[in-house]
Amino acid sequence: MSQNQQARQWLRDMNLGHPIVIAGPCSAETQDQLLTTAHGLAKTKTSVLRAGLWKPRTRPGNFEGVGALGLPWLKRAKEETGLMTTTEVAHPHHVELALEHEVDLLWIGARTTVSPFIVQDIADALKGTDKIVLIKNPVNPDLSLWMGALERFEKAGISQLGAIHRGFSTYEKSKYRNIPEWQIAIDFQNRRPDVPMILDPSHMGGRRDLIFDLSQTGLDLNYDGLMIESHIDPENAWSDAAQQVTPERLGEIITALKMRQVGGSTEEFQNKLSALRAKIDVVDQQLIESLGRRMGIAVEIGQLKHDNNVAILQSNRWTSILDRMVEAGLKEGLSSEFTQKLFKAIHQESISQQKGITDA
Ligand code: PEP
Ligand code: MN
């Protein structure tokens, strides 16, 4: 057993398997829809049924959830299938109702985690209970806000806590609904290796065809579980229709995922190795994206020089960049030879791309 797994005691005590699979519709719509979905999911490795009752919608006018009406449906789904249940709470009143109707786990939505006042009110409402609370990352990429929410629950005496990584909002267009920014979740794990990390590939991807790859990356990064939206009729779901999958498809996704084994020394080694490799992949992706952004700026400079009839190469500027980077590289433990080679290659590519503009 690795240190992390020992520290994530409450999750191990639940004995729900690795990874823990939480699945269910974005929103509970009708009793029939919830029960049919739950029965479908009970045939898969799902152990917790999710369903949003109070839906935080970015703009008014969309389906805002059935509210308290759905609480007895969740209870009935639990009785009929044996699945545990979870719903989002965004207000102390939701907590009160969820406790009354024996919802097993509560989750804090991304739009709630951003607000310390609401998080505090919810934490206060949970004081003295032994509820399991899963905290989604805030919509904005702010590690402190995420950790702060965790700390507010800890201070209120809640000890069974987990984090859900659902990605972050950006104004720029991206293939993801919410960009992963894996590094933030990795930093969270490094600071709090005792807190289980669960991936929500549905809200991160925003599209059902992205769920598999995102989930695999999560597992490779040592995540403890997945929260995936599943609906009996995804296309006609009342919310988040593009990102939900049927229970059957969810079963296929879970079966196709490569699980990393737990226990045993070679397996332990393999686990650590794949987790480190997955971290390298994240950094490499960031490197290549940064280089792409740098090149984009160089091209803009090239255009500006071209329009103003200025020569491409300005050696003073180049020498000062190189000196500054060699010095910064030394501080990061990189040899000056390496930094010089790297920046010469980058500079060469910038010049070629700028020349493309002048030659055009
Ligand atoms: C949800 O889980 O349905 C939801 C609204 O998620 P998030 O808070 O991540 O947007
Ligand atoms: Mn949703």
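Because the structure is predicted, anything quoted here is derived from the model rather than measured.

What follows is about the environment of Q314. Within the secondary structure layout, Q314 lies in the loop between α13 (265-307) and α14 (315-331). Sequence spacing of Q314 and E100 is 214 residues, and the spatial spacing of their C-alpha atoms is 71 Å.

Let us now look at the coordination of the manganese ion (ligand 2). In a perfect tetrahedron of four donors around a metal, the angles come out at 109.5 degrees. In a perfect octahedron of six, they are 90 or 180 degrees. Taken together, C26 (SG), H203 (NE2), E229 (OE) and D240 (OD) make up the full set of protein donors to the manganese ion (ligand 2), lying 2.1 to 2.4 Å away. Every donor residue of the manganese ion (ligand 2) comes from the same chain, spaced as C-x176-H-x25-E-x10-D. Taken together, the positions of E229 in strand β8 (residues 225-229) and D240 in the loop between β8 and α12 (247-256) put the pair 11 residues apart, joining distant regions of the chain. Grouping residues by exposure puts E229 and D240 together as buried.

Along its sequence, the protein is carved into domain 1 (3-256) and domain 2 (267-359). Of note, the centres of domain 1 and domain 2, computed from C-alpha atoms alone, are 39 Å apart. At the junction of the two partners, domain 1 supplies seven residues and domain 2 supplies seven residues. Carbon and sulfur atoms make up 63% of the area that domain 1 and domain 2 hide from each other, which totals about 590 Å². One can count zero salt bridges joining domain 1 with domain 2.

Burial of strand β4 (residues 105-108) is two-sided: the residues L105 and W107 facing one way and the residues L106 and I108 facing the other way are all buried. By the bridge criterion, three bridges tie strand β3 (residues 84-88) to β4 in an arrangement that is parallel. Bridge pairing in β4 links T86 to L105. Tracing the backbone out of β3, into helix α5 (residues 92-100) and back to the parallel element β4 gives a crossover that is right-handed. Alignment of β4 against strand β5 (residues 132-136), held across four bridges, turns out to be parallel. Bridge pairing links W107 to L134 in β5.

Analysis parameters
- Residues numbered from 1 in each chain as written.
- Chains lettered and ligands numbered in written order.
- Predicted model: local features only at pLDDT ≥ 70, side-chain atom pairs only at ≥ 80, totals over all residues.
- Heavy atoms only, no water.
- Helix = DSSP H or I, 4+ residues; strand = E, 2+ residues; numbered from the N terminus.
- Donors = N, O, S within 2.8 Å, 3.2 Å for Na, K, Ca; no water.
- Buried < 20%, exposed > 50% of the residue type's maximum accessible area, 1.4 Å probe, protein only.
- Domains from an automatic or database assignment.
- Contact = heavy atoms within 4.5 Å.
- Buried area = accessible area lost by both parts, 1.4 Å probe.
- Salt bridge = Lys/Arg side-chain N within 4 Å of Asp/Glu carboxyl O.
- Pairing = 2+ DSSP bridges.
- Right-handed = clockwise from strand over helix to strand, strands pointing away.

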